[in-house]
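What follows is each chain in one-letter form.
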Amino acid sequence: MANQGSTKPLLQFTPFSSTVQPAFWNELTNLKIDVLRLSQDAIPIHASYSIGRAVVDRETGMEVALGCNLVVSGDAFKDPKDVKPPPNSVTVRGLLKNFNTIEEFKNVNKQEMFNNTAKEMWAKTLQTGDPLHLFDFLLITFADLKKYKYYYWFAFPAFAASPPWEKEGECAPVVDVIPIKGLESIHKAIHSGGSDSSIAAAVLAKPSANDPTAYETAPLNKFSEFFAGTPNEKRFVVFSDPSAHAQHVGWPLRNILTYILFNHHQTASIGLSSPLNIIAWRDIDTPSSSSPPKSIYVKAYVPSLPDTSSVPAAVGWEKNPAGKLGPRMADLAPMMDPKRLADQAVDLNLKLMRWRILPGLDLEKVSGTRCLLLGAGTLGCYVARTLMGWGVRKITFVDSGKVSFSNPVRQPLFEFEDCLEGGKPKAATAAERLKKIFPGVDATGHEFLIPMPGHPIPPQSLEQTKKDVAKLEQLVNDHDVMFLLMDSRESRWLPTVLGAAKGKIVINCALGFDSYLVMRHGARESITPQGSTRLGCYYCNDIVAPADSLKDQTLDQMCTVTRPGLASIASSTAVELLVSLLQHPKGIHAPSPPMPGSGAQVVDTHSEEYNSVLGLVPHQMRGYLARFNTMLITGAAFGSCTGCSETVIKAYESEGFPMLLKAFNEVGYLEKLTGLDKLHSEGEAALEAVDWDEDDDDM
């Protein structure tokens, strides 16, 4: 191909072809979710291209040129100074603009974006004198994060000379014009011109005045000074060529030539009689007589000098695999581990909350919370599912029961097959079902009975009970939060004591027929901040110790008979209370809003003191399906509580299992320990002191 009216062939350029590594899309996904969110601001990235390479076809023995590739890796968003570039590569800078919708990606004025990028490249090159801006690129993207499809389009702006560049003759081996010693000097300049393992994009070269076989080199922006007084035939422009084509040079040369033409045309005197000597550098190893150089040489010129007073026109949108101007698409879903896909999808839905609604939501604190669920029944199943919805990864069940035929319709982690042959253990089955639902969860189940006050321990069961208590103590130590989801009132006593003693968050959930209670236990007195009101636990409103609530009960009284929709409501409320508590800066010590009409000073319940980013953090919620309403209740701790008082906790800490055994076996032990027995005696004495006799005359 030649210019019209010219017999000289045009200088042909091999366009860049983008190569985007999967790690880049992973980093873009994280950036989009965690940083950019809804922002469409352009952000800086970087990429690299290497010296062109060719491979030998085994069948034909012919060399096949590999693509002129620009590679974008997972490090593209980091500062280039902090990244070690690939060996023998040139680092180039670019801008990425990610769009929020596919429609915006398709409809954006791409020509305007391209022109603005090209103008900015040219302006930066002239202002800074840094030719590296000549290789800047633009990348526009749309990330479909639900399907893991990434639509993208690269632009590699190349300034076009008018008329186009021509070449004199064919490309020839570089040794035809420069001796081996001179090539060694150029190789050293190219490979020491970058940082670390990177190479210089371009250098200038000329024979040394002292030794014509050796060559001096200089940066591209020193063209006028370096070549002053040097004949045209001894001036060489050397660039790191990403092309391996025998007659076509790489895309970066277009901008290098335009830069020289527009900024140094007076010195360069480029024309048919004085062409530029171009060396397309393609040697990774130092050239030697025993290893023929791969670099090529060509003479280039323009038939006439273009208008250099304005910004040159540019071209450079990348073609798609069909050879047409249009975007490309990377589908990562088939490449990804299904478990990893599930893991990212779970986090995606949560992180979307931070885009518009809750930018201050700390999801990492939620997902890193280790939750112990005591009870794997109806409440336990629903609590576990809601915890997974919030991204919690560590869930442990404790339950001594087996799956029965009445369970699957009410307890969503069980199926009919789990009921056969006497039923599978509830805790282990629930844990396995969680992992089937979401393989990324760390779920385990433990089958043992939690000892209770009012349920004496037979001598033959003493050792097993001691082991069960030790196991429960260890589980409480290993978790951050404990959910009390058991059927009976007294089964919650031991976990209440352990939670208070070890400073754990305790969430209690209990059901009536059409009502429910969800509450958080307050911290023990010794760690409650001074001046704060200590919140009560499940037993703080009782003036009697927990006892056997199942004795002499009919079937309907022993079973949890509730309206079917109640458990899911209560369980979800319990988890939402936990998440709100975790978001509060005071955590377990977060104050509860005072109740209306409680006599307390009127306060602003919308203040930060009572709210996390998710809203209020109440102490108790009592819901009533019959009226479809919920009451917020704040209850102070009771100093003689059988569950969380310092007296009980210190007795446990000093005596350990023997103290617990007394509570299990001895009727009245907890009342005597806490002083409730004296309170009862004083109450009875006061009643006896009342004169109930009345005169008949008063009737």
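Please refer to the structure higher up on the page.
What comes next is a walk through the structure. Note that the coordinates shown come from a computational prediction; the quantities given were computed from them, not determined experimentally. (Residues numbered from 1 in each chain as written. Predicted model: local features only at pLDDT ≥ 70, side-chain atom pairs only at ≥ 80, totals over all residues. Heavy atoms only, no water.)

Describing the overall build of the protein
- Regarding its fold elements, the protein presents 20 helices and 28 strands.
- Since a compact globule built from 699 residues should have a radius of gyration of about 27 Å, the 39 Å found for the protein marks it as more spread out than a globular shape.
- Residue burial in the protein is summarised as follows: out of 699 residues, 49% are buried.
- Counting only contacts in the protein whose residues sit at least 6 apart along the sequence, the fraction spanning at least 24 positions is 73%.
- Roughly 33300 Å² of accessible area belongs to the protein as shown, and the carbon and sulfur atoms make up 53% of that amount.
- A distance of 10 Å separates the average location of the 67 positive side-chain charges in the protein from that of its 78 negative side-chain charges. (Helix = DSSP H or I, 4+ residues; strand = E, 2+ residues; numbered from the N terminus. Rg over C-alpha atoms; globule rule 2.2 N^0.38 Å. Buried < 20%, exposed > 50% of the residue type's maximum accessible area, 1.4 Å probe, protein only. Contact = heavy atoms within 4.5 Å. Areas by Shrake-Rupley, 256 points an atom, 1.4 Å probe, with all protein chains shown as cover. Lys, Arg positive; Asp, Glu negative; His and termini not counted. Charge placed at Lys NZ, Arg CZ, Asp CG, Glu CD.)

Here's the deal with the sheet that holds strand E24 (residues 515–520)
- Strand order in the open sheet formed by 8 strands is E21-E20-E19-E22-E23-E24-E27-E28, with mixed pairing between adjacent strands. Because the sheet does not close on itself, it has two edges, and the strands there are strand E21 (442–446) and strand E28 (629–633). Ignoring strand direction, the axes of neighbouring strands in this sheet form an average angle of 15°.
- Across 5 bridges, the pairing between strand E20 (residues 394–398) and E21 is parallel. Paired with threonine 396 across the two strands is threonine 444, which belongs to E21.
- In the packing of helix H12 (residues 426–437) onto the sheet, the strands contacted are E20 and E21, and the crossing angle to E21 comes to about 170°. (Pairing = 2+ DSSP bridges. Axes fitted to C-alpha atoms, helices over the stretch in contact; angles between N-to-C directions.)

What about the packing of helix H3 (residues 110–128) against helix H6 (residues 252–263)?
- Running from N to C, H3 and H6 point in directions that differ by 55°, and their axes come no closer than 12 Å. Regarding the angle of H3 to H6, the classification is oblique. Note that H3 runs across H6; the crossing there is right-handed. Contacts between H3 and H6 involve Met121, Trp122, Thr125 and Leu126 from the former and Asn255, Thr258, Tyr259, Phe262 and Asn263 from the latter.
- Residue composition of the contact of H3 with H6, grouped by class: 5 nonpolar, 4 polar and no charged. (Parallel < 35°, antiparallel > 145°, perpendicular 65-115°, else oblique. Left-handed = near helix turned anticlockwise from the far one by under 90°. Nonpolar A, V, L, I, M, F, W, Y, C, P; charged D, E, K, R; others polar.)

Quick notes on the pairing of strand E15 (residues 276–281)
- Among the 6 residues of E15, 6 are classified as buried, and the element is accordingly described as predominantly covered.
- Residues Leu276, Ile278 and Ala280 of E15 are buried on one face, and the alternating residues Asn277, Ile279 and Trp281, pointing to the opposite face, are buried as well.
- Sheet topology note: the E15/strand E16 (residues 296–301) ladder contains 5 bridges and is antiparallel. Bridge pairing links isoleucine 279 to tyrosine 297 in E16.

Some details on the environment of valine 476
- Considering the arrangement of structural elements, one finds valine 476 in helix H13 (residues 462–478).
- Valine 476 sits 300 residues away from aspartate 176 along the chain, and the two C-alpha atoms are 80 Å apart.
- With residues near it in sequence (within four places) discarded, valine 476 still touches Leu372, Met482, Leu498, Lys502 and Lys504.

Quick word on the pairing of E28
- Here strand E27 (residues 620–624) runs beside E28; their pairing, made up of 5 bridges, is antiparallel. Following the sheet pairing, arginine 622 is matched in E28 by methionine 631.
- The loop that links E27 with its antiparallel partner E28 comprises 4 residues; one of these, phenylalanine 628, has a positive phi angle of about 50°.

Re the sheet that holds E15
- Ordered by their spatial adjacency, 6 strands build an open sheet running E10-E16-E15-E13-E11-E12, and the pairing between neighbours is mixed. Taken across any chain shown, the strands that pair with only one partner, and hence form the sheet edges, are strand E10 (166–173) and strand E12 (215–219). Each adjacent strand pair in this sheet contributes to an overall mean axis angle of 25°, direction not counted.
- In this sheet, E15 lies alongside strand E13 (residues 236–240) in parallel orientation, the contact comprising 5 bridges.

A few points about a nonpolar patch on the surface
- Together, Val55, Val64 and Leu66 give the surface a local cluster of nonpolar side chains, amounting to about 200 Å² of exposed area.
- A relative accessible area of 38% places valine 55 in the partly exposed class. (Patch = residues over 30% accessible without salt bridge, like charges linked within 9 Å, V, L, I, M, F, W, Y side chains within 5 Å. Salt bridge = Lys/Arg side-chain N within 4 Å of Asp/Glu carboxyl O.)

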